[in-house]
Structures are given as structure tokens and as C-alpha cells.
Amino acid sequence: MSAAAIDQVEVAVIGAGSVGIAVAYYLVVERGRRRVALIDCRPAMSFTSARSGENYRNWWPHPVMTAFTDHSISLMEQIDRASGSRLDMTRGGYALASRRERPEDLISSLYRGYDGAPGQVRLHESAAAEYRPSQRGPWADAPDGVDVLLNRALIRRNFPSFARDVASVIHIRRAGSFSAQQLGQFMLEALAEAGVRVRRAEVRAIAAAPAFDIEMTSEGGAQRVTAERIVNAAGPFVRDIGAMLGEDLPVRCVYQQKISFEDRSGAIPRDMPFAIDLDGQHLAWNDEERELLAGDPAARRLLEPMPGGVHCRPDGRVDGTRIKLGWAYNAQASDPHAEEPLDPNFPDVVLRAASRLYPALAAYVGRLPRGLHHYGGYYAMTEENWPLIGPMRTTGAFLAGALSGFGSMAACAAGSVCASWAAGSPVPDYAKALSGARHADAALMAELAQLGKGSL
Ligand SMILES: Cc1cc2nc3c(=O)[nH]c(=O)nc-3n(C[C@H](O)[C@H](O)[C@H](O)COP(=O)(O)OP(=O)(O)OC[C@H]3O[C@@H](n4cnc5c(N)ncnc54)[C@H](O)[C@@H]3O)c2cc1C
């Protein structure tokens, strides 16, 4: 290694996105560590963490993920309370809409996900059912659990902007939006107060014994840090850091996109929750469009049946006008070192799909307003779409990665759990299944294979 100033720390965290920042924060504030290095070659929070839709929910088909996100949401709420509502948390919920009259499989997955907790799942089958509609008021006043609306008149009354064929709505209540950027900033400020600042450098090589010898490059030249332990929180690049330690991590990167634009015609009322159309669909194209798509190998798949999951929500302030639409239908892995595969068809595709749930959105098809923002980022994912948080095979190395489409909402718990692993402290019961050790648990892996990936 080149001759450069050597710095010695207890823990080096590689990556200053939502996740790495949270690991460093909990190492410092919860575990009392002071000799922590937080390293990133980009400005903090500028890569995947800058693309987040900033939504959160405690809805999952498995109780481990429910416990994980419940823990994370509680930690966010603590910070929001302590910081004078700096996270701007809203709790309008997630409204999952379907044309199915009574989706028994989804209802039983709610019972499984909420682990049979009494009163958490409330079915409403009559038009006069007592159901508290969505509101964008303070999160502390919002209900918990989930309301399942199984009556069309009840749905019409509470979701008048939804298409008339919607026959059931599952309203997840501990869910909403928050500012992931503010969460990151809050933690960075606390770290700075404790003397921990982001070091702007790229990790190029790591020698692993006896301590970790980390070789980095920066504008100022070569740098070295030695660390007793390291945390790999490099987002879409966790495999690169793994490879530096001779490990092949089972993580791939799948590019997902969103659009946001000014909803001048008020197609989505401002008090609507984050709404998801659960049903798959065939997109409606005219003959000319069909022919064009059929002739383009990259776009041909848009003629085939598309999965459910298109989602929409009002963006920003309640008196604002912007809305945000997304659809994580891409399943193809890509190389995060290559140019971002932003698909020029995406704005039109997501708009057509979303207008099946919100028919008023159809007015924008073919005339999307100027000022449209179209962007994307990588979901770093395992095959089963659970994160990897815990020890790596290399002694003293830890991983906090593969947080897919839920890393903003799960950052606090991922940070707290990974800090505990790295400090040798006990971790919550749910956390063991989120470490790489689960891959040796054949029964759990078979269960997860049954559940499917469910990425939003
Ligand atoms: C379109 C989209 C929408 C999303 N919506 C939501 C949502 O609504 N809710 C939600 O909870 N989550 C959402 N997510 C997911 C969430 O954004 C991510 O899970 C989260 O931001 C991942 O954070 P991270 O810190 O792991 O990765 P990143 O933010 O990518 O941070 C990793 C950092 O590591 C650094 N790094 C990598 N290699 C090196 C190296 N060799 N040397 C130094 N530094 C290095 C990078 O520069 C980067 O800054 C969304 C993601 C996308 C793409």
C-alpha cells in the first residue's frame, strides 16, 4: 500500500446512505462508540437514498419483516418527537385496492403478517361500517392495524376517486410518508457533534488481518484507515466490498423508476393515502402503438400481462399539487457501474397503468405536463427480498445491505441492529433471521420461497 497518513478507528462504516449513516449513528448514540469512521466517495445521502419515495409501512406477509419495520418506525417516531417533527411524518396509511370481492389469500396474509395480534385486522362488510377514513394529520393520532373494506358503497364513500370496479380496499394504518433526507441530516448532525464526519474517499482495497487495513483514494490522494471492525453499507455496491474480502454476496441490483408531476386537474385528492393497485393488468394500446412496441425488443414486454403494484400518492404538502407515481415491474438485474437504465417509455407506461385505479389520470395520457421529473435507482436485493444485516463470513466484518425498496423506512432498525452486532451486543429476536445465517435455515428459506418477493 502507498505511504499515506494512517488513521486507526474501532469501526469503519463504508457507505453514507440512509443505512450506513444509521449504523454510525446507533454505534455512537446507542452503543457509545466514538472512534467511528464513516466513509463515502459521494456526498452523503446522494445515491440510492436520494431516489427514495420516502414511504413507510408495517405491512408484510411475514411477522419477521413486520417486527423489523415496526421497530424502525418506532425509532423514527422517537426521532420525530425529539426533533420537533423534523421528519415530517404523515400517516395516511397504504390503501391496497383490488377488483376481487373478497381476497381471502390477502386477508389471511394480513393475519400471518400481524402474527394474530388481537384487533389488528378489522373487516368491514357493510355500507354503514364504522371505519375511520384516511387523514394526513399528526401520526400520533392515527389508528393502528389494518382496516379491510369489503363493501362497494363503503369504498365509494371513502375513496370516491378510485375506479368504480374496485371491490375491496385493504387500508394499512401504520404507514405513510416521511422525509428520509431529514432523517439522514438529523443523524449526520448528531454524528458531527460527537466528532464523526463523513470522509470523502473511495474504498479500493481491504486487507483483512489482523485488523482491517482499508486503502482509499480521494481528491487529496491516497488515504488509509485501519479498523478493528468494518461495516459494509455500500448499497448497490455491497458486492464490491464483499469481493475485496473474498466473499461473493448474494445481492443483485434491479433498477426501478418513478415520476412526479404537477397534478393541475386534481386527479388525486390531497388527502388520499399512498394507494396501490394490487391487480395485474394488460395495458391498453391502440393498433399503431402495438405495432411500434412489437417491433422494439426492449419494449415488447409491455404488450404482455403486467404485474400489480402500480402506486400513486400526493407528494409534498397537503396544499401542494405534485403527485408521485411508481411501479416496480422491472425484474431484470443490471450493473450499477454502468449507465442508469432509465426507460423513456416509463412515464407513459406508469401513467396508463395508474389511470386504471384513478380514472381521472387518463387525462394526462399523451400530454404529461412540463416539469415532469422522471428518475430511478437500484433496489439492491437478495433472491427472497429480505435484507442482509449481520456478520459477514470474514471475522469482524458486518453487512447492512440488500434493503431493496424498503431501506429508507428500515434504516433506523437496520442501523440499530447492525450497530449491536458490530458492538457485540444482543440483537432483537427478529434480527437473526435477517442475517446471512438464514440461508442455512432450509425451513425458513422454503417458507420465503412460498411467500414470493413482493417488492414495491
Ligand atoms: C426508485 C426508488 C424508490 C424507493 N422508495 C422507497 C420508499 O418509498 N421507502 C423506502 O423505505 N425505501 C425506498 N427505496 C429504497 C431505499 O431508497 C434504499 O433501500 C436505501 O436508500 C438504501 O440505502 P443504502 O444506504 O443502503 O444505499 P445508498 O444510498 O446507495 O448508499 C450507499 C453508499 O455507499 C457508497 N459507496 C459504495 N461503494 C463505495 C466505496 N467503494 N467507497 C466509498 N463509498 C462507497 C455510495 O457512494 C453510496 O453513497 C426506494 C428505492 C428506489 C430506487
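Residues numbered from 1 in each chain as written. Predicted model: local features only at pLDDT ≥ 70, side-chain atom pairs only at ≥ 80, totals over all residues.

1. Quick look at the overall build of the chain
On a plain count of helices and strands, the chain comes out with 10 helices and 19 strands. The C-alpha atoms of the chain give 23 Å as radius of gyration, which agrees with the globular expectation for 456 residues (23 Å, within 12%). Taking all 456 residues of the chain together, the buried fraction comes to 46%. (Helix = DSSP H or I, 4+ residues; strand = E, 2+ residues; numbered from the N terminus. Rg over C-alpha atoms; globule rule 2.2 N^0.38 Å. Buried ≥ 20, exposed ≤ 12 C-beta atoms within 10 Å, placed from the backbone.)

2. Examining the nonpolar core
In a soluble, globular protein the nonpolar side chains are often hidden away together inside. Grouped together as the largest cluster of nonpolar side chains are 136 residues, with contacts concentrated most on Ala 12, Val 13 and Val 23. For this core, the two domains that each supply at least three residues are domain 1 (6–54 + 180–250 + 383–451) and domain 2 (94–176 + 253–381). Ala 12 has contacts with Ala 37, Ile 39, Phe 212, Ile 214, Val 225, Ala 227 and Ile 230, leaving out every residue within four places of it along the chain. (Core = buried A, V, L, I, M, F, W, Y, C linked by C-beta atoms within 7 Å. Domains from an automatic or database assignment. Contact = placed C-beta atoms within 7 Å.)

3. Notes on the environment of Ile 172
Relative to the assigned elements, Ile 172 resides in strand E7 (residues 168–172). Sequence spacing of Ile 172 and Phe 274 is 102 residues, and the spatial spacing of their C-alpha atoms is 9.9 Å. Contact partners of Ile 172, with chain neighbours within four places excluded, come to Arg 57, Trp 59, Gly 93, Tyr 94 and Val 146.

4. Topic: the site of the ligand
Close to the ligand lie 42 residues; Gly 15, Gly 17, Gly 235, Gly 377 and Gly 407 are nearest. Considering each element in turn, the shell around the ligand owes the most residues, four residues, to strand E17 (residues 373–381). Here the shell around the ligand spans two domains, since at least three of its residues come from each of domain 1 (6–54 + 180–250 + 383–451) and domain 2 (94–176 + 253–381). (Near = placed C-beta within 6 Å.)

5. Structural notes on the domain arrangement of the chain
Accessible area lost during the coming together of the parts is what is often quoted as the interface size. With domains assigned, the chain is organised as domain 1 (6–54 + 180–250 + 383–451) and domain 2 (94–176 + 253–381). When each unit is reduced to the centre of its C-alpha atoms, the spacing between domain 1 and domain 2 is 31 Å. Listed per partner, the contact involves 13 residues of domain 1 and 14 residues of domain 2. The residue makeup of the side of domain 1 that touches domain 2, split by class, is five nonpolar, seven polar and one charged. (Nonpolar A, V, L, I, M, F, W, Y, C, P; charged D, E, K, R; others polar.)

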